[in-house]
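# Summary of the model geometry
Chain by chain, the residues:
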Amino acid sequence: MVAEAPLKKKNENFSEWLDDVLQRAELVDIRYNVKGFIVYRPNIMFIVKRVYEIIENLLIEKGHKPALFPIVIPISSFRKESEHIKGFEREVFKINEAGGEELEEELILRPTSETAIYPMFALWIRSYKDLPMKIFQSVSVYRHETKATRPLLRGREFLWIEAHCAFIDEESARNQVKEDLEITKKAFHEFGLPFLMTEREPYDRFYGAVDSYAFDTLLPDGRVLQVATTHYLGQNFSNANVFDIKFTDKDGTRKNVHQTCYGPGVSRIVAAIISIHGDEYGLVLPFDVAPFQIIVIPILKAGKEDVIMEKSRIITQNLSKAGFRTILDDSDKRPGEKYYKWEMLGVPIRIEIGDEEVKKGFVTIFRRDLRSRNKVKDEDVIDNILNLKSLILKELEKRAWDTFNSSMISINSKEELMEKRERAKIVRASFCGRKECADEIKAETEGLEVRGRRIDIKETPSEKCFWCGKEASRVVYLAKAY
RNA sequence: GGGGUCGUGGCCUAGCUUGGUUUAUGGCACUGGCUUCGGGCGCCAGAGUCCUUAAAAGGCUGGAGGUCGUGGGUUCAAAUCCCACCGACCCCA
């Protein structure tokens, strides 16, 4: 039979490629038939769990503790912070009936959990000794998105982690924001994903935040995807009119805590890993992210089945013992078919064992990222893989950053922008900082948005705003966003 | 937010214009067997929407009804025509 067609080319039509890979690799099923809700299948859940694990471990290392708050929030609690409610009220799912009777108080499905968690903080926090309080939960949240929904990229239910912290003063809270940024950088390094770290403009903050910081990555269609945010909330939620979260300080005075919240978007991170590293053979996963790191494939030959299987089993066992997540594919499919299947799923390393390998005491190691083969002597296999582990990540990270960096272009004027728009997916420019200007840019450039100012480096603007020509106050980055 | 295209078995697809031998075409996937295994091979066979009649489970045979996203309508007759809803995709703002 004719071989199945390879996937669509990712860079020609990203949207089709993504739909195709999501289905062919059996990652998600969109046939649940409720708009914005999808089914995560085992092949993607293994990856989702790895992403969760990696971030959770980083959080726990820094003293965060896991917790789980209810999915429902009483509407009275949700309505306490005026900015917060303004932002989210129109996109919450509400429950007002149960058991055939109207509820005494309407409940909402959490769109985010500040208003679920902070009333409890108010009960738990008594003394400066209770601080800092650092809690996180790994959950799904619900937002009735009005824009077009896309599997993983924008759903009405999505997976994330939300970390909520309370501190004695502004300084320690702001340090938490820095820690959040460091955690995200570390995690993204493990995922091999490039990012732009910015402070959002004042009019673009999280509802209820004093300052908002965000990580954007770049998808192959040239649009940026916000994959994590962290916010300094000040005392907006802790003040007496809202949740009144107070503690007694060393000197005996009663004070309201300063807070932060941090939210890495797991669905979106997984989408970014798939989209940025993937190719026309399917997923390509960094070694540590991969749920299965090594696939061993025996290539049988009439009369030699036993020795080939024996060697395959021994190699699989040894690799498992060495701590690699290894599986042996001893199904009776043909080798070629197995290659395609495991490449589709992004297994970073494949070991092929056939008659030759048995006779001459080596194995053939295939790297998914380069799609290249190497012969490695039996006794060197483990060292070789230990070495490959970081080489693979380096390769993926380099490719991803190269694409990212070459898509980021500085411009000085409207004309230059229009001229370079094709190449410039992320635009760096001096800017006046006015919202009217940002709105105008968005309207006249097919959706280019001001994403914010960089926080990892200080940048000083030239005198003029690239758009309106007035005095510039900052250097900003602009992009079309999901 | 505005506009457009579309929905046929697990997936893709033919059929729709001009309603009527369609027990809905073909491919992939699936099941059993053979052959084989260095990139998804070949051959043979099978089954293949769902429900009810139907009763502890499994299997076989026959009959009946319904079924082409869902609901309604037109008609002697609807996958095919009309309306609404649900869902998907594309383009624009």
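This text gives an overview of the structure that appears in the document.

Cut-offs used in this document
- Residues numbered from 1 in each chain as written.
- Chains lettered and ligands numbered in written order.
- Predicted model: local features only at pLDDT ≥ 70, side-chain atom pairs only at ≥ 80, totals over all residues.
- Heavy atoms only, no water.
- Pairing = 2+ DSSP bridges.
- Helix = DSSP H or I, 4+ residues; strand = E, 2+ residues; numbered from the N terminus.
- Axes fitted to C-alpha atoms, helices over the stretch in contact; angles between N-to-C directions.
- Left-handed = near helix turned anticlockwise from the far one by under 90°.
- Contact = heavy atoms within 4.5 Å.
- Nonpolar A, V, L, I, M, F, W, Y, C, P; charged D, E, K, R; others polar.
- Buried < 20%, exposed > 50% of the residue type's maximum accessible area, 1.4 Å probe, protein only.
- Patch = residues over 30% accessible without salt bridge, like charges linked within 9 Å, V, L, I, M, F, W, Y side chains within 5 Å.
- Areas by Shrake-Rupley, 256 points an atom, 1.4 Å probe, with all protein chains shown as cover.
- Salt bridge = Lys/Arg side-chain N within 4 Å of Asp/Glu carboxyl O.
- Phe/Tyr/Trp six-rings, centres within 6.5 Å; stacked < 30°, edge-to-face > 60°.
- Polar contact = N/O pair within 3.5 Å; in protein donor to acceptor, adjacent residues only side chain to side chain.

## What to know about the sheet that holds strand S6 (residues 101-109)
If you trace the 3 strands from one edge of the open sheet to the other, you get S4-S6-S5, paired in antiparallel fashion. Taken across any chain shown, the strands that pair with only one partner, and hence form the sheet edges, are strand S4 (72-74) and strand S5 (94-98). On average, each strand axis in the sheet is tilted by 45° relative to the strand beside it, whichever way the strands run. Sheet analysis places S4 next to S6, joined by 3 bridges and oriented antiparallel. Its bridge partner lying in S6, Pro-74 is registered against Leu-107.

## Some points on the packing of helix H2 (residues 42-61) against helix H6 (residues 170-191)
At a minimum axis separation of 10 Å, H2 and H6 run at an interaxial angle of 145°. Helix-helix and strand crossings are classified by hand; for H2 and H6 the assignment is right-handed. Across the interface between the two elements, Val-51, Ile-54, Ile-55, Leu-58 and Leu-59 of H2 pack against Ile-183, Lys-186, Ala-187, Glu-190 and Phe-191 of H6. A breakdown of the residues in the contact of H2 with H6 according to their chemical character gives 8 nonpolar, no polar and 2 charged.

## Re helix H1 (residues 14-24)
Taken residue by residue, H1 has Phe-14, Trp-17, Leu-18, Asp-20, Val-21 and Leu-22 as its buried positions. Tucked into the core, H1 has its buried residues touching strand S1 (28-34), helix H7 (266-277) and helix H9 (335-344). Two residues or fewer past H1, Glu-26 is found with a positive phi of approximately 55°.

## A look at a nonpolar patch on the surface
A contiguous nonpolar surface patch, about 270 Å² in accessible area, is contributed by Tyr-32, Val-34 and Val-39. Within the secondary structure, Tyr-32 is located in strand S1.

## Side note on the packing of aromatic side chains
Tallying each qualifying case throughout the model produces 21 aromatic pairs. When the ring of Phe-69 is compared with that of Trp-124, the centres are 5.9 Å apart and the planes differ by 50°; the resulting orientation is tilted. In this pair, Phe-69 sits in the loop between strand S3 (65-66) and S4 while Trp-124 sits in helix H5 (residues 114-124), placing the two residues 55 residues apart along the sequence. Following the ring pairs from residue to residue traces out a cluster consisting of Phe-69, Tyr-118, Phe-121, Trp-124, Phe-237 and Phe-243.

## Quick word on the side chain of Asp-279
Locating Asp-279 in the fold gives a position in the loop between H7 and strand S15 (294-298). Reaching out from Asp-279, the side chain makes a polar contact with the backbone nitrogen of Tyr-281 at a distance of 2.8 Å. If sequence neighbours within four positions are ignored, Asp-279 has contacts with Leu-7, Trp-17, Val-284, Arg-368 and Arg-371.

## A short note on unusual backbone geometry
Here the amide bond leading from Leu-131 into Pro-132 is cis, since omega sits at -5°, within 30 degrees of zero. Tracing the backbone shows Pro-132 in the loop between H5 and strand S7 (133-142). Residues other than glycine seldom take positive phi values, yet Leu-152 does so here, at roughly 70°. Positionally, Leu-152 belongs in the loop between S7 and strand S8 (157-167). The residue Arg-371 is not glycine, and still its phi comes out positive at about 55°. As for its position among the elements, Arg-371 is in the loop between strand S18 (362-367) and strand S19 (372-377).

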